[in-house]
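# Examining the three-dimensional arrangement
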Amino acid sequence: MIEASPFSAACGIIRIMNVSNDLQLELANVSLDYGARRVLAGITLALRCRETLVVAGPNGSGKSTLLRLLCGLQRPTGGHVFYQLGGTRYRPAEVHWLVGWVAPELQLYRELTALENLRFFAEVRGLRPTTAELEALLAEVGLDGRGGDLLAAYSSGMAQRLRYAYALLHQPPVLLLDEPTLTLDQRGTALVERIIARQRERGLTIIATNDPRELCWGDSVLRLGG
Amino acid sequence: MLFTPNLTSLLRAAWAVFRKDLRSELRTRYAFNALALFAITTVVALSLGVGFLTEGRNADLPLIQAALLWVAVLFAAFTGLARAFVQEEEARTATALRLAALPLAVYLGKLLFNLTLLLLLDLLVALLFAVLLHIRVGNLGLFAALLVAGSLGLVVATTLIAAIIARASVKGALFAVLSFPLLVPLLVVAIQGTALALAGSGWEHGRAPLQVLLAYTVALFVAALFLFGSVWEA
């Protein structure tokens, strides 16, 4: 069983009840077209809890698009994407809470501080973390002591670390990482490795990358774009 | 059952969206500055154009004043109220919000924020009209009630439309085009009711337009509750 979030005692909107080992991701003949151009074609796969998949491929092969499908931000043109839990299938858009997503296109509020951002996203998720808990999360991603800074003053590497804090805030069973080490230094890369290793114990991870060094982070590799 | 939203947590999430928008607005003052500047320039232009309207010059004075007031409120609202969603899309924060918050919480939070902005705008426009156009309000209570009821309807409609147009390339034009047919009935009733209040009619005369405005708002609000999820996640 996946542990409940440390904030879940006060969680009103989402009650994660026995998200157990039967968590499974299924893609059945998934395709996606942008106008006349087919970006994804006939993708079929099943991923079980504690598995890590790396999606690789050249620019424009549809890696980021595939991750957007998995978190319900886009719908496939053909085929189906399901998360299976407790014998029931859910479309990704029905279970946003299941997913933590880190991607270059993910932007948080530049006019708010890091702590204000995290508190806001916790509150809309129905969580009520204390300031100490949020500061601990920031420390975990290497932003200790910077929680009071406005995001506008963050470097790109710090903003990437904050994306991890945003994604891990609700301890999601599914972690989707698009270009996970983009703009991160060596310590940041080590942090990502630790996060992926921890995620193996509690859910499934999908990584979209072009970096050959990151291919070994997965149990299997899905190559897109021929 | 894995996903169990309840009313309290929905309202708490909506309140969080409202507080976030308010905090952002207090730091950037983007929407309020746009609203206030438009309102001030409009009323100043009106005062220069028509001068101090007096009953001696026109028998339909309350109706003209009410129409001018609502036109000023409407166009100022057009310039600022769409920001709630447009800003999220332009700053690309909408995706993070989509993944974290229930659509209904987003709608209610933005609605409350827009209502706060519009009520401040109402106050500003009413004061400017009193000072620059020398309007005299015969029934202040009815006038305030009609302004609030009309603003409620205006906000319920424009908040939904703002979400629809936020990802379009011609936002301004589309906002006006979609809002106009939806707001015409509301404006007609609001103008006629406000004219009664300006002329000093009693509550017995003002009750009918007030009821129509509230009924219109409730109908639109219920429709928005059903439609917003599809609009937001489209």
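In case you missed it, the structure is sitting above this.
Given the structure is predicted, the values throughout are model-derived calculations rather than measurements.

## Here's the deal with the nonpolar core
Counting 155 residues, the largest nonpolar core has Trp 101, Phe 121, Leu 162 and Ile 206 of chain A together with Phe 129 of chain B as its most contacted members. Residue contacts for Phe 121 of chain A: discarding those within four places in its chain leaves Leu 108, Tyr 109, Tyr 166 and Leu 169 of chain A together with Ala 96, Leu 97 and Ala 100 of chain B.

## Points about the pattern of salt bridges
With the rule as written, the count across this model stands at 18 salt bridges over all chains. Put simply, Asp 33 of chain A and Arg 38 of chain A hold a salt bridge, and the shortest N to O gap is 2.7 Å. Residue Arg 38 of chain A is classed as partly exposed on the basis of its relative accessible area, which comes to 48%. One salt bridge connects Lys 110 of chain B with Glu 88 of chain B, and the closest N-O pair in it is separated by 2.7 Å. Highlighted residues: Lys 110 of chain B in helix H6 (residues 103-132) and Glu 88 of chain B in helix H4 (residues 83-90), separated in sequence by 22 residues. Glu 88 of chain B gets classed as buried once you look at its relative accessible area, which sits at 2%.

## Let's talk about the environment of Phe 75 of chain B
All names here are of chain B. One can find Phe 75 in helix H3 (residues 61-80). We classify Phe 75 as partly exposed; its relative accessible area is 41%. Separated by 38 residues in sequence, Phe 75 and Phe 113 place their C-alpha atoms 18 Å apart.

## What about the pairing of strand E8 (residues 204-209) of chain A?
Residues and elements named next belong to chain A. Of all six residues in E8, six are buried; the element is thus mostly enclosed. Neither face of E8 is left uncovered, since the one carrying Leu 204, Ile 206 and Ala 208 and the one carrying Thr 205, Ile 207 and Thr 209 both have all their residues buried. Across five bridges, the pairing between strand E3 (residues 52-56) and E8 is parallel. The partner of Thr 52 across the bridge, within E8, is Thr 205. As judged from the five bridges shared by strand E7 (residues 174-178) and E8, these two strands associate in the parallel manner.

## Comments concerning the packing of helix H7 (residues 140-165) of chain B against helix H9 (residues 203-233) of chain B
All names here are of chain B. Interaxial distance between H7 and H9 falls to 9 Å at its minimum, and their mutual angle equals 20 degrees. The orientation of H7 with respect to H9, classified from their angle, is roughly parallel. The two elements H7 and H9 cross, and the hand of that crossing is left-handed. In terms of residue class, the contact of H7 with H9 is made up of 21 nonpolar, five polar and no charged.

## Remarks on the interface of chain A and chain B
The figure often quoted for interface size is the accessible area lost as the parts come together. Taken together, the contacts link 31 residues of chain A with 31 residues of chain B. Both sides together, the interface formed by chain A and chain B hides about 2900 Å², and carbon and sulfur atoms give 60% of it. The interface formed by chain A and chain B includes three salt bridges. Remark: the boundary between chain A and chain B carries eight residue pairs in polar contact (both at pLDDT 80 or more). Per element, the largest residue contribution to the side of chain A that touches chain B is five residues, and it comes from helix H2 (residues 114-124) of chain A. Of the residues in the side of chain A that touches chain B, the class split is 19 nonpolar, four polar and eight charged.

## Overview of the sheet that holds strand E5 (residues 88-90) of chain A
Adjacent strands of a sheet form backbone hydrogen bonds with each other and so pair up, either parallel or antiparallel. Residue and element names in this part refer to chain A. Strand order in this open sheet of four strands is E2-E1-E4-E5, and the pairing throughout is antiparallel. Edge strands, defined here as strands with exactly one partner in the open sheet, are strand E2 (37-48) and E5. Ignoring which end each strand starts from, the neighbouring axes of this sheet average 25 degrees apart. Strand direction decides the pairing type here: strand E4 (residues 78-85) and E5, joined by three bridges, are antiparallel. Paired with Gln 84 across the bridge in E5 is Arg 89. The sheet contacts of helix H1 (residues 63-70) involve strand E1 (24-34), E2 and E4, and relative to E1 the element is tilted by about 125 degrees.

## Here's the deal with the state of the cysteines
What makes a disulfide is a covalent bond joining the sulfur atoms belonging to two cysteines. On inspection of all chains with the given rule, the structure shows zero disulfides over all chains. Cys 71 of chain A supplies the cysteine sulfur nearest to Cys 49 of chain A, a cysteine that is in no disulfide, at a spacing of 18 Å.

## Some words on a nonpolar patch on the surface
Residues and elements named next belong to chain B. A surface patch of nonpolar side chains, about 410 Å² in accessible area, is lined by Val 218, Val 222, Phe 226 and Leu 227. Within the fold, Val 222 resides in helix H9. Judged by its relative accessible area of 38%, Val 222 falls in the partly exposed class.

Scoring rules and cut-offs
- Residues numbered from 1 in each chain as written.
- Chains lettered and ligands numbered in written order.
- Predicted model: local features only at pLDDT ≥ 70, side-chain atom pairs only at ≥ 80, totals over all residues.
- Heavy atoms only, no water.
- Core = buried A, V, L, I, M, F, W, Y, C linked by side-chain atoms within 4.5 Å.
- Buried < 20%, exposed > 50% of the residue type's maximum accessible area, 1.4 Å probe, protein only.
- Contact = heavy atoms within 4.5 Å.
- Salt bridge = Lys/Arg side-chain N within 4 Å of Asp/Glu carboxyl O.
- Helix = DSSP H or I, 4+ residues; strand = E, 2+ residues; numbered from the N terminus.
- Pairing = 2+ DSSP bridges.
- Axes fitted to C-alpha atoms, helices over the stretch in contact; angles between N-to-C directions.
- Parallel < 35°, antiparallel > 145°, perpendicular 65-115°, else oblique.
- Left-handed = near helix turned anticlockwise from the far one by under 90°.
- Nonpolar A, V, L, I, M, F, W, Y, C, P; charged D, E, K, R; others polar.
- Buried area = accessible area lost by both parts, 1.4 Å probe.
- Polar contact = N/O pair within 3.5 Å; in protein donor to acceptor, adjacent residues only side chain to side chain.
- Disulfide = S-S within 2.5 Å.
- Patch = residues over 30% accessible without salt bridge, like charges linked within 9 Å, V, L, I, M, F, W, Y side chains within 5 Å.
- Areas by Shrake-Rupley, 256 points an atom, 1.4 Å probe, with all protein chains shown as cover.

So, to be careful, I would describe these as geometric facts and stop short of saying anything about function.
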